Amino acid sequence: MSTYTPAETAALSGFSIDTLRYYEREGILPTVPRTAGGHRAYSDAELGLLEFLKCLRETGMPVERLRRYGQLCRSDDTIPERIALLEEHAETVERQLAEVLAQQRRLAEKLTWYREQLD
């Protein structure tokens, strides 16, 4: 199993070192194992979780919900709760996407109108 320093993890995940520490402190990430020297040693498992957390964050999941998701992931018997949380977020993302697509259509209409004015 590979391990990564905080700097390597930051580079691979796209999160800053400060964000990694914040996520651990807030319980979004589980406590990261440490080396004998006391340095954090991230694994492929943490990198995979960070990749998914980035997806959640980039789709607008609030930190409070990220924290709840992180807490739920610490127990194997919370899969139904995780599904419910992610389904709720997926519905929010779908609504936001529909709104953005409607705005995109409106923008395209305005561009068409302006181009017609030039003809």
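The structure presented is a predicted model; accordingly, all values stated were derived computationally and were not measured. (Residues numbered from 1 in each chain as written. Predicted model: local features only at pLDDT ≥ 70, side-chain atom pairs only at ≥ 80, totals over all residues. Heavy atoms only, no water.)

### Some words on helix α1 (residues 6-13)
- T9, A10 and S13 are the residues of α1 that are buried. One face of α1 carries all of its buried residues, which in axial projection span an arc of 100°. Of the exposed residues in α1, the ones pointing more than 90 degrees away from its buried face are A11 and L12.
- On its buried side, α1 packs onto β1 (3-4), α2 (17-25), β2 (42-43) and α3 (44-58). (Buried < 20%, exposed > 50% of the residue type's maximum accessible area, 1.4 Å probe, protein only. Helix = DSSP H or I, 4+ residues; strand = E, 2+ residues; numbered from the N terminus. Arc of directions from axis to C-beta. Contact = heavy atoms within 4.5 Å.)

### Topic: the UniProt feature "domain: HTH merR-type" (unreviewed entry) in the protein chain
- The UniProt entry lists residues 3-72 under the feature "domain: HTH merR-type" (unreviewed entry), expressed in the numbering used here.
- Helix and strand shares over residues 3-72 are 60% and 6% respectively, and the end C-alpha atoms of the span are 24 Å apart. (UniProt positions renumbered as here; feature names shortened; annotations may be inferred.)

### Concerning the pattern of salt bridges
- If you walk through the whole model with that rule in mind, you get six salt bridges.
- In this structure, the salt-bridge partner of R21 is D18, at a minimum N-O distance of 3.6 Å. Of this pair, R21 and D18 both sit in helix α2, three residues apart, which is roughly one turn of the helix.
- Judged by relative accessible area, R21 falls into the partly exposed class, the value being 38%.
- D18 gets classed as exposed once you look at its relative accessible area, which sits at 55%.
- Its salt-bridge partner being K54, residue E58 comes within 3.7 Å of it at the nearest N-O pair. Taken together, the residues span about one helical turn, with E58 and K54 both in helix α3 at a distance of four residues.
- The exposed category is assigned to E58, whose relative accessible area is 60%. (Salt bridge = Lys/Arg side-chain N within 4 Å of Asp/Glu carboxyl O.)

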